[in-house]
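Structure assessment
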Amino acid sequence: MPADYSQPSRTRIKICGITRAEDLQTAALLGADAVGFVFYPKSKRYISPTDASKLSGQTPAFISTVALFVDPTDNEVETVMSLVAPSVLQFHGDEPPEQCASYGLPYIKAFRVGAPGMETPEQMTEACLAHPYACGWLFDTYTPAYGGSGESFDHTMLSSVKTLGTRARPLILSGGLKPDTVANALSNFKAWAVDVSSGVEEAPGIKSAVKMRGFIQSVRQVNGD
Ligand SMILES: O=C(O)c1ccccc1NCC(=O)[C@H](O)[C@H](O)COP(=O)(O)O
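Residues numbered from 1 in each chain as written. Predicted model: local features only at pLDDT ≥ 70, side-chain atom pairs only at ≥ 80, totals over all residues.

Note the following rule: UniProt positions are given in the numbering used here, feature names are shortened, and annotations may be inferred rather than shown by experiment.
The name given to the protein in an unreviewed UniProt entry is N-(5'-phosphoribosyl)anthranilate isomerase, with the source organism recorded as Jezberella montanilacus. According to the UniProt record, the Pathway (unreviewed entry) comment for the protein reads "Amino-acid biosynthesis; L-tryptophan biosynthesis; L-tryptophan from chorismate: step 3/5."

So, in structure tokens, the structure goes:
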């Protein structure tokens, strides 16, 4: 029976673009629910499957590991799956639903708000409903970089998606979130989870413990826990 995930009692937090063991450990100790590894070779946060396998092997229980791709080949995804054993796949390109669902792992579909075909709230809804089997719909900003831009988008573009009720998959807010902006964003848009990269960094791929703490505390204050 479909559930309505629009009012979670606790917002999940994913810290994306992890490249160093110390950042993974700090994120876990501070209370992150998930960490992301970027397997898009053009990303400033790219990590090789071999290096990511060392980090995923050190990830404590009950922290999800998420493998990010942009229009990957099957071989690229399968290599990551065999070496890294991620909990979840996340697709940021134009991957069709059949491809995303073909690997036998839960997947998150990232939508680049404002991209061609996603320029109105109604078009956003249509794009999302093409992925009814995703375990989450993630909303990011449309930029040439495909993700990790640190730029936010107009959240009113999700007004139609928010009305889907039980037809919606868990909604993940992303794109330019920062320790000092995430609380306001969540008060206007109740999300299942938030996903952040640039907003908790010293430099691309190098996370800041201070910013991660500030970000996680801000989210938890919105939840009241
Ligand atoms: O981080 C990247 O470089 C990246 C490249 C290509 C696809 C996705 C990528 N990152 C995804 C994320 O880090 C987040 O899901 C999201 O884009 C938020 O990033 P930010 O605006 O920097 O918080």
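Let us keep going from here.
Re the site of the ligand
Put simply, the rule reads: Here, nearness means that the C-beta atom of a residue, built from backbone geometry, sits within 6 Å of the molecule or strand in question. Residues are grouped as follows: nonpolar covers Ala, Val, Leu, Ile, Met, Phe, Trp, Tyr, Cys and Pro; charged covers Asp, Glu, Lys and Arg; every other residue, Gly included, is treated as polar.
Around the ligand, a shell composed of 26 residues is seen, among which Cys16, Gly147, Gly148, Ser197 and Ser198 lie nearest. Residues that form the shell around the ligand fall into these classes: nine nonpolar, 13 polar and four charged.

Details of the environment of Tyr103
Stated precisely, the cut-off is as follows: Helix and strand definitions here come from DSSP, where helices need a minimum of 4 consecutive H or I residues and strands a minimum of 2 consecutive E residues; each element is numbered from the N-terminal end. Residues are treated as contacting if the C-beta atoms built from their backbones sit within 7 Å of each other.
Considering the arrangement of structural elements, one finds Tyr103 in the loop between helix 4 (97-100) and strand 5 (107-113). Residues Tyr103 and Asp74, spaced 29 residues apart in sequence, show a C-alpha to C-alpha distance of 8.5 Å. In this structure, Tyr103 is in contact with Val77, Met81 and Leu89, ignoring residues within four places of it in sequence.

Structural notes on the pairing of strand 3 (residues 64-69)
Going by this rule: Burial is judged by counting other C-beta atoms within 10 Å of a residue's own C-beta: 20 or more means buried, 12 or fewer means exposed, and anything between counts as partly exposed, with every C-beta placed from the backbone. Should DSSP find at least two bridges between two strands, the strands are regarded as paired. If you view a crossover with the strands going away from you and the path from the first strand over the helix to the second runs clockwise, you call it right-handed.
Of all six residues making up strand 3, five are buried, and the element is well covered by its neighbours. Two strands pair when backbone bridges link them, and strand 2 (residues 34-38) and strand 3 are joined in this way by five bridges, in the parallel orientation. From the neighbouring strand, Gly36 faces strand 3, where its bridge partner is Val66. The β-α-β motif built from strand 2, the intervening helix 2 (residues 49-57) and the parallel element strand 3 has right-handed crossover chirality. Sheet topology places strand 3 next to strand 4 (residues 88-91); four bridges connect them, and they run parallel. Looking at strand 4, one finds that Leu68 is bridged to Gln90. Note that the unit made of strand 3, helix 3 (residues 74-84) and strand 4 has a crossover that is right-handed.

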